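Geometric and topological summary
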Amino acid sequence: MFQNVIGFLGTPFTELIIFILLMTYFVIHRHDKRLLMSGVSRLKVAMLLVIFIYFAWMPIVWPSLIPGSMLALSVFGMFVVNFYFLYSLILARIERPYREALARLAGDPEKHEVFREIWTFGKRFYYYDYFFQSLFSGANPFRFLSDIANDRVRDDIKNELRRLGVEKKLISLNLMVSFMKNHLACDETLPPDFKEVMEKTIDDLGKHPWIEEQVNEFLRIAMDTPEDLHFPEWTSAFEECASVRK
């Protein structure tokens, strides 16, 4: 059975048919932006086409003019191109629900189900994406994949939340007030009288328009350009120098 499969895949025309099918799939879905996000661009496909033609030209056009060893090498090259092409398309397909789940953060960033979907789809995507790297990592492949998935999914969530905080004002005084109220209510070590006083103080803090405006501006700068807070003199000098050069 295995020999029959090898024999079927070991012919130039079989590899040519597989490549045409993969190319057809790409052409049909060429306008899908998620393919571009996954790196399956027209330039990449054009390079694969050139490499495939390089390996397929002699075995298909003049198969009788090349020795058997060169024919086998050409077919193997065609197989590698098809395998990489197929792997890229599958990876793009797996990445699609993950990017869609990240995009849903914009609609309801406080919904916990969204984060569960992000983790599920993100873990699956990065496991596929780094599968071959894990085999040559020198460490336990399962541990390597788990660590990579954890780090990358967390980074993607942080980047998406940061984008929401800057563009949609997700990070604001109201969010900070809610955070302090929740922690105040959950802290069982504080006496009830202190909690009552602090809750009133927090409410008063959130009701003052000037304080809200200043805190929101501070949070915006902290998220967007934190160097303006930590090094205001350096930033001013840099902008002055840049304006002089113009």
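Above this note sits the structure.
Since the model is a prediction, treat every value here as computed from it, not as a measurement.

**Description of the packing of helix α9 (residues 173-186) against helix α10 (residues 192-207)**
Where α9 meets α10, the axes come as close as 10 Å, and the angle between the chain directions of the two elements is 175°. Relative to α10, the element α9 is oriented roughly antiparallel. Two secondary-structure elements touch here, α9 through Leu 173, Val 177, Met 180, Lys 181, Leu 184 and Ala 185 and α10 through Lys 195, Met 198, Glu 199, Ile 202, Asp 203, Leu 205 and Gly 206. Each residue belonging to the contact of α9 with α10 can be placed in one class, and the counts come to eight nonpolar, one polar and four charged.

**Focus on the pattern of salt bridges**
Using the criterion set out here, one finds five salt bridges in the structure. The partner of Arg 99 in a salt bridge is Glu 95, with the nearest N and O atoms 2.8 Å apart. In this pair, Arg 99 and Glu 95 both sit in helix α5 (residues 68-103), four residues apart, roughly one turn of the helix. Residue classification places Glu 95 among the buried residues on the basis of a relative accessible area of 4%. With its nearest N and O atoms 2.5 Å apart, the salt bridge here joins Arg 104 to Glu 117. Placement of the pair is Arg 104 in the loop between α5 and α6 (112-129) and Glu 117 in helix α6, with a sequence separation of 13 residues. Relative accessible area serves as the criterion here: at 38%, Arg 104 is assigned to the partly exposed category. The exposure class assigned to Glu 117 is partly exposed, which follows from its relative accessible area of 31%.

**Some words on the nonpolar core**
Within the largest apolar cluster, 17 residues are counted, with the highest numbers of intra-cluster contacts made by Tyr 98, Leu 102, Ile 118, Phe 125, Tyr 126 and Val 153. Mapped onto this core, the elements with two or more residues apiece are α5, α6 and α8 (141-167). The element contributing the most residues to this core is α5, with six residues. Ignoring sequence-local partners within four residues, the contact set of Phe 125 consists of Leu 91, Ile 94, Glu 95, Tyr 98 and Arg 99. With 12 residues, the next largest nonpolar core counts Phe 52, Ala 56, Met 78 and Phe 85 among its residues.

What counts as what
- Residues numbered from 1 in each chain as written.
- Predicted model: local features only at pLDDT ≥ 70, side-chain atom pairs only at ≥ 80, totals over all residues.
- Heavy atoms only, no water.
- Axes fitted to C-alpha atoms, helices over the stretch in contact; angles between N-to-C directions.
- Helix = DSSP H or I, 4+ residues; strand = E, 2+ residues; numbered from the N terminus.
- Parallel < 35°, antiparallel > 145°, perpendicular 65-115°, else oblique.
- Contact = heavy atoms within 4.5 Å.
- Nonpolar A, V, L, I, M, F, W, Y, C, P; charged D, E, K, R; others polar.
- Salt bridge = Lys/Arg side-chain N within 4 Å of Asp/Glu carboxyl O.
- Buried < 20%, exposed > 50% of the residue type's maximum accessible area, 1.4 Å probe, protein only.
- Core = buried A, V, L, I, M, F, W, Y, C linked by side-chain atoms within 4.5 Å.

Just geometry here; none of it tells us what the structure is for.
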